[in-house]
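# Descriptive structure summary
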Amino acid sequence: MKSIRVNRYIAMCGICSRRAAETLILKGAVSINNNTIRDLSVKVSNLDKVRVHGRLISVQKKKYILLNKPKDYITTLNDERGRKTVMDLIKNACNERIVPVGRLDRNTTGLLLFTNDGMLAKKLSHPSYKIKKVYHVSLDKKLNNKDMLSIVNGLKLEDGLIMVDAIDYINQNKKNIQIEVHVGRNRIIRRIFEFLNYKVLKLDRVQYGLLRKKNLLIGEWRTLTKEELDGLND
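Residues numbered from 1 in each chain as written. Predicted model: local features only at pLDDT ≥ 70, side-chain atom pairs only at ≥ 80, totals over all residues. Heavy atoms only, no water.

Okay, the pairing of strand 13 (residues 166-170) next. Pairing geometry for strand 13 and strand 14 (residues 173-181), over five bridges, is antiparallel. Pairing of Ile170 across the sheet is with Asn173, part of strand 14. Between the end of strand 13 and the start of strand 14, which pair antiparallel, lie two residues, with Asn171 showing a positive phi angle near 55 degrees. (Pairing = 2+ DSSP bridges. Helix = DSSP H or I, 4+ residues; strand = E, 2+ residues; numbered from the N terminus.)

Spelled out as structure tokens, the structure:
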């Protein structure tokens, strides 16, 4: 392993996030080769012995878990209000500290990836990589041709112009829509239809990049296959 900043190393070991690691460093809770550090710019390699609160830490094995998220779970590591979180659903998936890549809102179902691979998570989250996200949407009324064309041509919402990559009816049922986007703005699919005065009854993410459900039942998780992982890293 090449030399990296110690806060990143701590995060790669699954102890906490990079920002939380910076707090630990500043508090004097981190030592390298038995020397306490408080300098955030210090770098380490795999030859160094890093300890947090006196405990020797090491880099975790990379883990990749795909969840078919049900409704009524929020995408967060923990919730101060005691609501159900997606972490409850994958708590027995592995011993490593994994986190969700992106988010799905409480009432949205579908594919959500968890990993401790920070580089892959960054790639999948950044819009410049144009990671495909496909959703199935059920509306309270038929999407008319005029509004369909408005979505195709782009909608100007409060945070700017929104362009979708593809949109179509599902089995010619104009209440059921398949829509593809690569942008990751908050509640983007719901806001598109709400802007046009439609109510979203159901929203399900059926594809994330090259990842598909493959008979993954709602509320269940599975590890990625080698082929899926190779495809994501291409």
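So, on to the nonpolar core. One finds Val137, Leu143, Ile151, Ile179 and Phe193 to be the most contacted residues of the largest nonpolar core, which totals 37 residues. Take this core: its biggest share by element is four residues, from helix 6 (residues 188-195). Among all residues touching Ile179, those that are not within four sequence positions of it are Lys133, Val134, Tyr135, Val137, Ile151, Val164, Ala166, Ile167, Ile189, Ile192 and Phe193. Of all hydrophobic cores here, the second largest spans 17 residues; its members include Ile4, Cys13, Ala21 and Ile57. (Core = buried A, V, L, I, M, F, W, Y, C linked by side-chain atoms within 4.5 Å. Buried < 20%, exposed > 50% of the residue type's maximum accessible area, 1.4 Å probe, protein only. Contact = heavy atoms within 4.5 Å.)

Counted under the stated rule, the structure contains nine salt bridges. Between Asp159 and Arg191 there is a salt bridge, with the nearest N and O atoms lying 2.9 Å from each other. Of this pair, Asp159 sits in the loop between strand 11 (155-157) and strand 12 (160-162) while Arg191 is found in helix 6, placing the two residues 32 residues apart along the sequence. Residue Glu228 is joined to Lys214 by a salt bridge in which the shortest nitrogen-to-oxygen separation is 3.6 Å. Taken together, the positions of Glu228 in helix 7 (residues 226-233) and Lys214 in the loop between strand 16 (211-212) and strand 17 (221-223) put the pair 14 residues apart, joining distant regions of the chain. Note on Lys214: relative accessible area 54%, which makes it exposed. When salt bridges with common partners are traced through the structure, they connect Glu158, Asp159 and Arg191 into a single cluster. (Salt bridge = Lys/Arg side-chain N within 4 Å of Asp/Glu carboxyl O.)

Secondary-structure assignment places Leu139 in strand 10 (residues 133-139). For Leu139, a relative accessible area of 2% corresponds to the buried category. Placed 94 residues apart in sequence, Leu139 and Asn233 show a C-alpha to C-alpha distance of 35 Å. Each residue touching Leu139, except ones within four places of it in the same chain, is listed here: Lys175, Ile177, Phe193, Tyr198, Lys199, Val200 and Leu201.

What is shown is where atoms sit, not what they do.
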